[in-house]
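Next come the chains, spelled out residue by residue.
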Amino acid sequence: MSEQQAHEVHDLYSMPADAVQEPPHKFWKAIRHVGPGLILAASIVGTGELINTTGLGAKAGFTLLWLILLSCVIKVFVQVELGRYAIVHGKTTLAAFDTLPGPRLGTSWICWLWLIMMLATQAQIAAMEGTVGQAAHMAFPAASDALASAVGTIVPAWGDFLQTRQEYLWAALTTVAAVVLLLSGGYRRLEKITTILVAAVTLFTVGSVIVLQWTRFHIGISDIKAGFTLALPATAVGLAFSAFGITGVGASELVAYPYWCIEKGYARHAGPRSADDNWARRARGWTRVMQLDAWFSMLVFTIATVAFYLLGAAVLNPQGLDPKGPDMIPTLSRMYLEPLEGTPLAGLRGLTRVGFLLGAWAVLFKTLYVATAANSRLTVDFLNLVGVWRPAGPEARERMVKVFCVVYPILALGLYYAFREPQGLIKAGGIAQALMLPLIAGATIFLRRRDNDPRVGPSLLSDVFTWLAFVGITAVASYSVYDLARSFMATSP
């Protein structure tokens, strides 16, 4: 095998002839090829769910359950169409967007807007790092004091400072751990780690909701009915639209999904697009696998998201608690611990506290891990499209991806140190994603109509739901802009 051929084997974005595979035709064989959606679920079940979704439940009670469900389901139709395009045309999302009409500065205008949105979402990464620091400090307060004292022996002023901000050291250690892990593995490791963590977090959170039914915070039928009244309380409008941008498949995840599909091999296995009927049959088969992947992951992250929302609505809302600031993790821990008081399960408080802190770490760390991996890949793709840096081959591209796997976590850590307000940082990133969503959905529909291969679909029903998703997403984003403008005018002199 020549050196060039060896590179092609390891280049996940190439389409060599020997990578073509027949798609599985049975469900139990197809389920083995699920993976990109679970990586997406690992990114989705993160800060948006643990912090923003519970915060929304804390403010609005059960009233906005309908919005959470809508947010989880409606955007998957756009996700599937982006995945289909990647399989049929073998292009990444930004490469596909680069073909759109309109202004260009090296690359398409929508690619530049993606870059702006991605940089804004570093605020969410900052919140993850800071909140992991809070969880670690709660778990190991003695270690926090020891670390601050150790720093104080070197620089006394820093030691005094860290005694009042003990999560800073843990946030820094979390950043280092994420960087080391990102530099040490590729797609396969990413898929394995995220699958385990998603399963653990989902089971723990759903179990916590079930336990509520034997406590004073039990959820009744009337509470669930209240969640489907289609109401939108004025006091929670800003947080609600931020939640729509983050929960379910957010703008960042939509753009990233085709990259994971390509690295998993769906496009390579179908082979380069051709007029051959065998290619069309393979493309249809791998598209069905991709659809199974997308909807299976939707089921997973919807269950987890709804569970987080119900915990916030059932436990935090009646007590007037709002998880934010440096006390965010302690407030969230009450959501798990207080229902056990005065019940036969009170003896489990210690174990539950440990479980919560481990769960909080898993939720936030895996999202930091996956989001950084995705953003680094997309940034390298963007630099290639804009002409700033063109990789000489897969090894050069991988090296540059690793550079951004270092840069982005450090950038986010600096943001947390500067603002130290996780919920505000998450809200800022969520609004940026919410505003980008209609552009992504509209671009997806345009690409679908311009470059469609009728041999591979989609069906008329799928097309209708994709249009409905675009209309719904645009309506929410439009109202979000209106509400932001109204809030600005109200506060301006």
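Residues numbered from 1 in each chain as written. Predicted model: local features only at pLDDT ≥ 70, side-chain atom pairs only at ≥ 80, totals over all residues. Heavy atoms only, no water.

## So, the pattern of salt bridges
Next up, step 1: Summed over the entire model, instances satisfying the criterion amount to ten salt bridges.
Next up, step 2: We note a salt bridge from R273 to D453, for which the minimum N-O separation is 3.3 Å. Of this pair, R273 sits in the loop between α17 (266-270) and α18 (277-319) while D453 sits in the loop between α22 (422-451) and α23 (460-491), and the two are 180 residues apart along the sequence.
Next up, step 3: Overall, R273 belongs to the partly exposed group, its relative accessible area being 41%.
Next up, step 4: The exposure class assigned to D453 is buried, which follows from its relative accessible area of 6%.
Next up, step 5: One salt bridge in this structure joins D463 and R448, with 3.0 Å as the shortest N-O distance. (Salt bridge = Lys/Arg side-chain N within 4 Å of Asp/Glu carboxyl O. Helix = DSSP H or I, 4+ residues; strand = E, 2+ residues; numbered from the N terminus. Buried < 20%, exposed > 50% of the residue type's maximum accessible area, 1.4 Å probe, protein only.)

## A short note on the layout of surface pockets
Next up, step 1: In this model, the second largest pocket occupies a volume close to 210 Å³.
Next up, step 2: What lines the second largest pocket is a set of 14 residues, and nearest its centre among them are G207, S208, V211, L340 and T352.
Next up, step 3: For the lining of the second largest pocket, the secondary-structure elements that each account for two or more residues are α13 (187-212), α19 (328-337) and α20 (349-386).
Next up, step 4: Considering every element that reaches the lining of the second largest pocket, the biggest residue donor is α13, with five residues. (1 Å grid on protein atoms, 1.4 Å probe; cavity = no way out; pocket = protein on both sides within 12 Å on 5 of 7 lines; lining within 4 Å. Points joined across faces, edges and corners; volume = space filled by probe spheres on them.)

## With respect to the environment of I44
Next up, step 1: Within the secondary structure, I44 is located in helix α3 (residues 36-44).
Next up, step 2: Each C-alpha atom, one on I44 and one on S108, is 27 Å from the other, the two residues being 64 residues apart in sequence.
Next up, step 3: Apart from the residues lying within four places of it in its own chain, the contact partners of I44 are E49, G248, V249, E253 and F301. (Contact = heavy atoms within 4.5 Å.)

## Topic: the packing of α13 against helix α16 (residues 251-264)
Next up, step 1: Taken N-terminus to C-terminus, the directions of α13 and α16 make an angle of 115°; their axes are 10 Å apart at the nearest point. Considered as vectors, α13 and α16 are oriented roughly perpendicular to each other. You can see that α13 and α16 cross each other, and the crossing is left-handed. Seen from α13, the contacting residues are Y187, L190 and E191; seen from α16, they are W260, E263 and K264. (Axes fitted to C-alpha atoms, helices over the stretch in contact; angles between N-to-C directions. Parallel < 35°, antiparallel > 145°, perpendicular 65-115°, else oblique. Left-handed = near helix turned anticlockwise from the far one by under 90°.)

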